[in-house]
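Next come the chains, spelled out residue by residue.
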Amino acid sequence: MSPETAKSLETKTKLLEGALRTLTEQGIAKTSARTVAAAAGVNQALVFYHFGSVDELLAAACRYGAEQTVARYRPRLATVTSLSELLTVGREIHEQERAGGHVALLGQLLAGAQTHENLGPATAAGLDLWIVEIENVLTRVLTATPFGEFADPAGLARAVAASFVGIELYEGVDAVGATAALDALEQLGFLLGALEELGPVAQRAVRHHLRRTSRR
């Protein structure tokens, strides 16, 4: 790799991280080439040199941030062995992301998507990275349960992701209510966990009931 290429990549990374920091700390309304460049410690002309526009930079930063975050949690998600554990891990991730300011960042990205057309697809692509990881876990753990042949891991993954996004945004106006919602999801996980621990005879009965119900 040439020194010029290495320097260019370094500058682009600074701008991506500067954009994410600006969105989190100042909000979408105050995010501009000037504020991002100041956060990145570079000349604002480099925003346009490397990305063409502020909107393109924000879209790239959204994807970059999602890739970095998902990569950080992928090893932990790979160890999940049950539905109840998945919900527990989801709550742990939520707490860590909130403490790191990433919940506020998501809110700004979703708000910005209403007026910055590039942010909508980029935010959706970032969420899709999470959905893929959740779907992988659900496919793996549901196979060993009575629900394996009836569940739709892809649809469930989107439902789980949407639930956590909703809770994260809801938390900004009703922290107690958001905590209660997370508690309820965790309780659901415990109930599902109890079904997972049924003996083979009881599991066959559950499967039989589900097959009969699904044919109605």
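This section reports on the structure supplied with the text. Just so it is clear, the structure is predicted and the values come from calculations on it, not from any experiment.

### Some remarks on the environment of A29
Now for step 1: Mapped onto the fold, A29 is located in the loop between α1 (3-26) and α2 (33-40).
Now for step 2: Exposure remark for A29: the relative accessible area of 78% places this residue in the exposed category.
Now for step 3: Along the sequence, A29 and A111 sit 82 residues apart, while their C-alpha atoms lie 9.7 Å from each other.

### Digging into empty space enclosed by the protein
Now for step 1: In total, this model carries one cavity of 30 Å³ or more according to the counting rule given.
Now for step 2: Taken as a whole, the largest cavity holds about 30 Å³ of empty space.
Now for step 3: Where the lining of the largest cavity is concerned, the elements lending two or more residues are α5 (83-99) and α9 (175-196).
Now for step 4: Counting residues per element, the lining of the largest cavity draws most heavily on α9, at three residues.
Now for step 5: Of the residues assigned to the lining of the largest cavity, the class counts are four nonpolar, no polar and two charged.

### Quick word on the nonpolar core
Now for step 1: Counting 25 residues, the largest nonpolar core has L15, L16, L57 and L58 as the members making the most contacts within it.
Now for step 2: Among the secondary structure elements, those contributing two or more residues to this core are α1, α2, α3 (45-51), α4 (54-77), α6 (102-112) and α7 (119-142).
Now for step 3: No other element matches the eight residues that α4 contributes to this core.
Now for step 4: Ignoring any residue separated from it by four or fewer positions in sequence, one finds L15 in contact with V36, A40, V42, L46, V47, H50, F51 and L57.
Now for step 5: Core analysis: the next-biggest nonpolar cluster, separate from the first, contains 17 residues, I134, V137, L142 and A161 among them.

### Thoughts on the layout of surface pockets
Over the atoms, a rolled probe matching the size of one water molecule traces out where space is still vacant.
Now for step 1: The calculated volume of the largest pocket comes to roughly 780 Å³.
Now for step 2: T69, E97, H102, W130 and E168 are the residues nearest the centre of the largest pocket, which is lined by 35 residues in total.
Now for step 3: Listed by contribution, the elements that provide at least two residues to the lining of the largest pocket are α1, α4, α5, α6, α7 and α8 (153-170).
Now for step 4: Per element, the largest residue contribution to the lining of the largest pocket is eight residues, and it comes from α4.

### Regarding the packing of aromatic side chains
Now for step 1: One pass over the structure, following the stated rule, counts one aromatic pair.
Now for step 2: Aromatic side chains Y73 and W130 sit 6.0 Å apart centroid to centroid with 35 degrees between the ring planes, which places their arrangement in the tilted category. With a gap of 57 residues between them, Y73 in helix α4 and W130 in helix α7 connect regions that are remote in the sequence. As far as the burial class goes, Y73 and W130 line up, both buried.
Now for step 3: The ring of F51 is capped by K12, whose NZ or CZ atom sits 5.7 Å from the centre of that ring.

### Quick look at the packing of α4 against α5
Now for step 1: Taken N-terminus to C-terminus, the directions of α4 and α5 make an angle of 150 degrees; their axes are 11 Å apart at the nearest point. When the axis of α4 is compared with that of α5, the two are roughly antiparallel. Considering how the two elements wind past one another, α4 and α5 form a crossing that is right-handed. Across the interface between the two elements, T69, R72, Y73, R76 and L77 from α4 touch E85, L86, V89, E92, I93, Q96 and E97 from α5.
Now for step 2: Class assignment of the residues belonging to the contact of α4 with α5 gives a composition of five nonpolar, two polar and five charged.

Basis of the calculations
- Residues numbered from 1 in each chain as written.
- Predicted model: local features only at pLDDT ≥ 70, side-chain atom pairs only at ≥ 80, totals over all residues.
- Heavy atoms only, no water.
- Helix = DSSP H or I, 4+ residues; strand = E, 2+ residues; numbered from the N terminus.
- Buried < 20%, exposed > 50% of the residue type's maximum accessible area, 1.4 Å probe, protein only.
- 1 Å grid on protein atoms, 1.4 Å probe; cavity = no way out; pocket = protein on both sides within 12 Å on 5 of 7 lines; lining within 4 Å.
- Points joined across faces, edges and corners; volume = space filled by probe spheres on them.
- Nonpolar A, V, L, I, M, F, W, Y, C, P; charged D, E, K, R; others polar.
- Core = buried A, V, L, I, M, F, W, Y, C linked by side-chain atoms within 4.5 Å.
- Contact = heavy atoms within 4.5 Å.
- Phe/Tyr/Trp six-rings, centres within 6.5 Å; stacked < 30°, edge-to-face > 60°.
- Lys NZ or Arg CZ within 6 Å of the ring centre and 35° of its normal.
- Axes fitted to C-alpha atoms, helices over the stretch in contact; angles between N-to-C directions.
- Parallel < 35°, antiparallel > 145°, perpendicular 65-115°, else oblique.
- Left-handed = near helix turned anticlockwise from the far one by under 90°.

Without other data, these values stay purely geometric and don't point to any function.
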